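Given next are the chains, with one letter for each unit.
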Amino acid sequence: MALSKKDGVFIVGALVVFAIFWGISGEEKTHKMPRNADHQKFYDLLASGKSKKEVDPLCAECHDGVKIKFPANHPEKPGGQPMRCLFCHKKSK
């Protein structure tokens, strides 16, 4: 059974989609939340059943861009919305 031109286009398209997904997957590039005395209260709150959304506002006590500076490539706070620190910065094991 010979492959038609449509089959070839489909196969190439599927390979392109696979290559894109493979290319964007991989190692996380954000730092994990440290497991130290400064961050222990966050681990305790999360372990007690609090959601990440409830715990996130507490990050701004120290990580406000003044006390602790953000890197130059750190995304800006969305207009009028709280930062979602724990969306990107996962817990350490």
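Structure report, in brief. Since the model is a prediction, treat every value here as computed from it, not as a measurement.

### Comments concerning the pattern of salt bridges
Then comes step 1: In the structure shown here, the tally under the stated rule is two salt bridges.
Then comes step 2: We note a salt bridge from Asp56 to Arg84, for which the minimum N-O separation is 3.2 Å. Separated by 28 residues along the polypeptide, Asp56 in the loop between helix H3 (52-55) and helix H4 (85-88) and Arg84 in the loop between H3 and H4 bring together distant segments of the chain.
Then comes step 3: Given the relative accessible area of 36%, Arg84 is considered partly exposed.

### Observations regarding the packing of aromatic side chains
Then comes step 1: This model, assessed by the stated rule, comprises zero aromatic pairs.
Then comes step 2: Sitting over the face of the ring of Phe87, Lys90 holds its NZ or CZ atom 5.6 Å from the ring centroid.

### Examining the state of the cysteines
Then comes step 1: For the coordinates displayed, the defined rule picks out zero disulfides.
Then comes step 2: As a non-bridged cysteine, Cys62 has Cys59 as the owner of its nearest cysteine sulfur, 9.1 Å distant.
Then comes step 3: The exposure class assigned to Cys62 is partly exposed, which follows from its relative accessible area of 41%.
Then comes step 4: Considering cysteine sulfurs only, Cys59 is the nearest to Cys85, which forms no disulfide, with 3.9 Å between them.

Definitions and cut-offs
Residues take numbers from 1 onward in each chain, read along the sequence in its written order. Restriction of local features to residues with pLDDT of at least 70 applies here, the model being predicted, together with a cutoff of 80 or more for giving and counting side-chain atom pairs; totals for whole chains, interfaces and linings are based on all residues. No hydrogens and no water enter the side-chain calculation; it runs on all heavy atoms of the structure. We define a salt bridge as a side-chain nitrogen of Lys or Arg found within 4 Å of a carboxyl oxygen belonging to Asp or Glu. Secondary structure elements are defined from DSSP: runs of H or I of at least 4 residues count as helices, runs of E of at least 2 residues count as strands, and each element is numbered from the N terminus. Throughout this description, buried means an accessible area under 20% of the type-specific maximum (1.4 Å probe, protein chains only), exposed means over 50%, and partly exposed covers the range between. Think of it this way: a Phe, Tyr or Trp ring, Trp meaning its six-membered ring, pairs with another when their centres are within 6.5 Å, and the plane angle makes it stacked under 30 degrees, edge-to-face over 60, tilted otherwise. Over a ring means this: the NZ of a Lys or the CZ of an Arg is within 6 Å of the ring centre and within 35 degrees of the ring normal. Note on terminology: disulfide denotes any pair of cysteine sulfur atoms within 2.5 Å.

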